[in-house]
Amino acid sequence: MGKLRRGMEFFIPSYWEIQVTFCAAVFIMFLYYLYTNFLCSNNGTERELEEEENNEEIQKEDFEDSEKIKQIRGESNSNSAFVIQVELLAAKNLVAANINGTSDPYAIITCGEEKRFSSMVPGSRNPIWGEEFNFLVDSIPTEVHVEIYDWDIVWKSNVLGSLTVPVRTEMQESAVWYELDSTGEVCLQIKPLKLAETSARVLNNFPGANARRRISNLDRPGLTVVHQKPGPMQTIFGLPPDEVVEHSYSCALERSFLYHGRMYVSAWHICFHSNVFSKQIKVVIPFGDIDEIRKSQHALINPAITIVLRTGAGGYGVPPLSSPDGRVNYMFASFWNRSHTMRILQKSAENYLAMLLAEKKEWEQSAKRAHSSSVRRPINETVIPENNADVTAKIQPFIKEEVLVSIFEDVFPCTAEQFFFSLLNDDSKYIAEYRSKRQDLDLNMGQWHVAEEYDGQVREITYRSICRSPMCPPYTAVTEWQHFVLSSDKSKLVFETVQQVHDVPFGSYFEIHCRWSLETNSPSSCTLNIKVGAHFKKWCPMQSKIKTGAVEEYKKEVDQMLEIARAYLQNNSSSNNDNNDIVQV
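The rules we used
Residues numbered from 1 in each chain as written. Predicted model: local features only at pLDDT ≥ 70, side-chain atom pairs only at ≥ 80, totals over all residues. Heavy atoms only, no water. Helix = DSSP H or I, 4+ residues; strand = E, 2+ residues; numbered from the N terminus. Buried < 20%, exposed > 50% of the residue type's maximum accessible area, 1.4 Å probe, protein only. Contact = heavy atoms within 4.5 Å. Areas by Shrake-Rupley, 256 points an atom, 1.4 Å probe, with all protein chains shown as cover. Patch = residues over 30% accessible without salt bridge, like charges linked within 9 Å, V, L, I, M, F, W, Y side chains within 5 Å. Salt bridge = Lys/Arg side-chain N within 4 Å of Asp/Glu carboxyl O. Pairing = 2+ DSSP bridges. Axes fitted to C-alpha atoms, helices over the stretch in contact; angles between N-to-C directions. Arc of directions from axis to C-beta. Phe/Tyr/Trp six-rings, centres within 6.5 Å; stacked < 30°, edge-to-face > 60°. Lys NZ or Arg CZ within 6 Å of the ring centre and 35° of its normal. Core = buried A, V, L, I, M, F, W, Y, C linked by side-chain atoms within 4.5 Å. pLDDT = per-residue confidence, 0-100.

**Some thoughts on the overall build of the chain**
So, step 1. Along the chain, the regular secondary structure elements total 10 helices and 24 strands.
So, step 2. Considering the chain as a whole, with its 585 residues, one finds that 48% of them fall into the buried category.
So, step 3. By sequence separation, contacts in the chain at least 24 residues apart represent 62% of the contacts at least 6 residues apart.
So, step 4. Roughly 30100 Å² of accessible area belongs to the chain as shown, and the carbon and sulfur atoms make up 53% of that amount.

**A look at a nonpolar patch on the surface**
So, step 1. A cluster of nonpolar side chains, Phe-27, Ile-28, Phe-30 and Leu-31, forms an exposed patch at the surface whose accessible area comes to about 420 Å².
So, step 2. With respect to the helices and strands, the residue Leu-31 is situated in helix α2 (residues 15-60).
So, step 3. Judged by relative accessible area, Leu-31 falls into the partly exposed class, the value being 42%.

**Comments concerning the sheet that holds strand β5 (residues 142-150)**
As a general point, the strands of a sheet are linked pairwise by backbone hydrogen bonds and lie either parallel or antiparallel.
So, step 1. The sheet built from four strands is open, its strands ordered β3-β2-β5-β6 with antiparallel pairing. Pairing within the sheet leaves two strands with one partner each, and these edge strands are β3 (114-117) and β6 (158-167). For this sheet, the mean inter-axis angle between neighbouring strands, taken without regard to orientation, is 15°.

**Remarks on the side chain of Thr-142**
So, step 1. Within the secondary structure, Thr-142 sits in strand β5.
So, step 2. If sequence neighbours within four positions are ignored, Thr-142 has contacts with Cys-111, Gly-112, Val-165, Pro-166 and Val-167.

**Notes on helix α9 (residues 430-437)**
Given 3.6 residues per turn, any residue in an α-helix points the same way as the ones three and four places further on.
So, step 1. Restricting attention to buried positions, one finds in α9 the residues Tyr-430, Ile-431, Tyr-434 and Arg-435. Projected down its long axis, α9 carries its buried residues within an arc of 125°, all on one side. In α9, the exposed positions that point more than 90 degrees away from the buried face belong to Ser-436 and Lys-437.
So, step 2. A positive backbone phi angle near 70° is found at Gln-439, which sits one or two residues after α9.

**A few points about the pattern of salt bridges**
So, step 1. Under the counting rule described, the total for this entry stands at 14 salt bridges.
So, step 2. Between Asp-291 and Arg-327 there is a salt bridge, with its nearest N and O atoms 2.7 Å apart. Residue Asp-291 is located in strand β13 (residues 290-299), and its partner Arg-327 is located in the loop between β15 (321-322) and β16 (328-333); the two are separated by 36 residues in the primary sequence.
So, step 3. Of the residues examined, Asp-291 reaches a relative accessible area of 41% and is grouped as partly exposed.
So, step 4. Residue Arg-327 is classed as buried on the basis of its relative accessible area, which comes to 15%.
So, step 5. A salt bridge links Lys-437 to Glu-433, with the shortest nitrogen-to-oxygen separation between them at 3.7 Å. In this pair, Lys-437 and Glu-433 both sit in helix α9, four residues apart, roughly one turn of the helix.

**Structural notes on the pairing of strand β21 (residues 475-486)**
So, step 1. A large share of β21 lies buried, amounting to 11 of its 12 residues.
So, step 2. Taken together, the nine bridges between β21 and strand β22 (residues 492-501) define a ladder with antiparallel strand orientation. Across the sheet, Gln-482 pairs through a bridge with Thr-497, a residue of β22.
So, step 3. As consecutive antiparallel partners, β21 and β22 are separated by five residues, and within that stretch Lys-490 has a phi angle of approximately 60°, a positive value.

**Some thoughts on the sheet that holds strand β4 (residues 128-137)**
So, step 1. An order of β4-β1-β8-β7 is seen for the four strands of this open sheet, with the pairing classed as antiparallel. The open sheet has two free edges, formed respectively by β4 and β7 (176-179), since each of these has just one partner strand. Sheet twist, expressed as the mean angle between neighbouring strand axes with direction ignored, is 30°.
So, step 2. Sheet topology places strand β1 (residues 81-92) next to strand β8 (residues 185-195); 11 bridges connect them, and they run antiparallel. When the bridges of β8 are listed, Lys-92 appears paired with Glu-185.

**Thoughts on the packing of aromatic side chains**
So, step 1. Following the criterion strictly, the structure yields 17 aromatic pairs and no others.
So, step 2. Taken together, a centroid distance of 6.4 Å and an interplanar angle of 85° make the contact between Trp-151 and Tyr-259 edge-to-face. With a gap of 108 residues between them, Trp-151 in the loop between β5 and β6 and Tyr-259 in strand β10 (residues 258-265) connect regions that are remote in the sequence. As far as the burial class goes, Trp-151 and Tyr-259 line up, both buried.
So, step 3. Relative to Phe-484, the ring of Phe-420 lies with its centre 4.3 Å away and its plane at 35°, an arrangement referred to as tilted. Of this pair, Phe-420 sits in helix α8 (residues 416-424) while Phe-484 sits in strand β21, placing them 64 residues apart in sequence.
So, step 4. Look at Phe-484 and you get buried, because its relative accessible area is 0%.
So, step 5. One aromatic cluster is present, built from ring pairs that chain together Tyr-106, Phe-117, Tyr-149, Trp-151 and Tyr-259.
So, step 6. Across from the ring centre of Trp-151, 4.6 Å away, lies the NZ or CZ of Lys-279, which sits over that ring.
So, step 7. Between the NZ or CZ atom of Arg-435 and the centre of the ring of Tyr-463, over which it lies, the distance is 4.0 Å.

**Focus: the environment of Phe-419**
So, step 1. Summarising the element assignment, Phe-419 is placed in helix α8.
So, step 2. Assessed through its relative accessible area of 3%, Phe-419 is described here as buried.
So, step 3. Separated by 106 residues in the primary sequence, Phe-419 and Ser-525 have C-alpha atoms spaced 9.7 Å apart.
So, step 4. Apart from the residues lying within four places of it in its own chain, the contact partners of Phe-419 are Phe-412, Cys-414, Leu-424, Leu-493, Trp-516 and Leu-518.

**Some remarks on the pairing of β8**
So, step 1. Judged from the four bridges that link them, β7 and β8 form a sheet pairing that is antiparallel. Pairing of Glu-179 across the sheet is with Glu-185, part of β8.
So, step 2. Hairpin connection, β7 to β8: the antiparallel pair is bridged by five residues, and Gly-184 has positive phi, about 110°.

**Some details on the nonpolar core**
So, step 1. Counting 47 residues, the largest nonpolar core has Phe-412, Phe-419, Leu-493, Trp-516 and Ile-530 as the members making the most contacts within it.
So, step 2. With 11 residues, the top contributor of residues to this core is helix α10 (residues 543-584).
So, step 3. Dropping the residues within four chain positions of it, Leu-493 is found in contact with Ala-416, Phe-419, Phe-420, Leu-424, Phe-484, Val-485, Leu-486, Trp-516, Ser-517 and Leu-518.
So, step 4. Counting residues in hydrophobic clusters, the runner-up holds 38 residues, among them Met-120, Val-276, Met-342 and Met-355.

**Section: the confidence of the model for the chain**
So, step 1. Looking at the chain, pLDDT values average 78 and 75% of them are 70 or higher.
So, step 2. The weakest mean pLDDT in the chain belongs to helix α3 (residues 66-73) at 39; the strongest belongs to strand β2 (residues 105-111) at 93.
So, step 3. Across residues 38-49 the pLDDT falls below 50, and counting only partners more than four positions away or on other chains, this stretch makes 12 contacts in the model.
So, step 4. Overall, residues 54-79 carries pLDDT values under 50, and its contacts beyond four positions in sequence, including any with other chains, amount to 43 contacts.

So this is what it looks like as structure tokens:
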């Protein structure tokens, strides 16, 4: 019995041994949790810091990669464009990348500077996709490059084969099987379509077109680029500097399993980044390609949000999920509050559409203003319209009345007529003198001329204004459109300006509108009222700060402008008196 008891004690663990084993297992699981959640995330953070340092080095070199930014936005200087419609139909006899003799293939299709992802077909060497991709290019001939990959849950995807198809104006419209450079074939149908114009009406029919119309003053030649500290949109996703994160959420992307990461929402994109098991996943979805945002269900207790893209959009960053109607989608789950996130995403999509409509109207008005300022008519002297019954009678407003606030009202020592002919006339040196004392550079003044769109006359001036803000370059490029109306009896003058600052943070988002109203009240004086305001063409996170700063800065300018104007009028009056004395002698 003693031997049996000792044998049982040897094979059957005691209660103390069970406790020790259990504690050791819990401790090992805890160490593994720390490793997967903190160490891996730290590695991802180190990579993001390295990317941020690279971005700062690039910005210190005055954005030598500005062409890359243009490619991201899809901007073009040409007056026409082409849409390359690529249909990825199927593939056959692909390389077996999995142990069971199959593959999980997906395709990356590149045309011009645009790249799209197809959906992933699990467990097949002969996948069928039936997906369409639309690419916008500036000219043809061009090339369509197709790479087939095998999706891997943890490791980097392996290339199964690739091919390049030249695109010409005349191509076979039926589907063609192309051989890969390794093993297998891919069936493609490619149709090049020429667009007569890159207008909003035409481009709206194609996914990705809205991004091409996005114009930023950062890419305008001859302008100084502001060195702003990059945010997640720049360091992680490589988006242009004016992309700002408005909302961010912790969530997971549904693929082979849930890849936990973070969603970033800006005015133009919905982005997602994940770094699980050191596998980097980046998804960049333009709002212009989103067809629908709807609630869905990943599991019984895990509500999700599905973002459905328009037909022809393709995927961005990783393979999307396919659907029977030909559209692809991305599913995100594990939100803390799905209803709140859903409302924000839908509101952001609505804001994007409203922003496009507002920008379209602003661009049309700016185009009219620029066209009016660019027309040159042979006028030897300033012509003041005599048939204006009222100063306020305009064909259309030159500035936005609702944004103006009064900053100055007082008596000025000259009449409204004298104010115009002495200070604003084409022959006047007042503006040049004022800009010189401000130490502004490169002043270029146009001449007053009649505009069909507005009463009175308009002109355009450009200069580089000194800027002492650490957020701006030393000299900021400014375009100023000026407009005046003088009443028929020359007793009332309305002088309006619209300033567009080109190379400051969010400079393309707003304009500075100003109105000077003068009414003669005696033979040697008039009442002067000055109003100013910031008109925003689209929303930006610093809107209230910009409004306040613009008003305060213009108040300082007004004090200096009026001081120089009084001295200029006094000098002119003294010169005229001296000339009269010489004539009398």
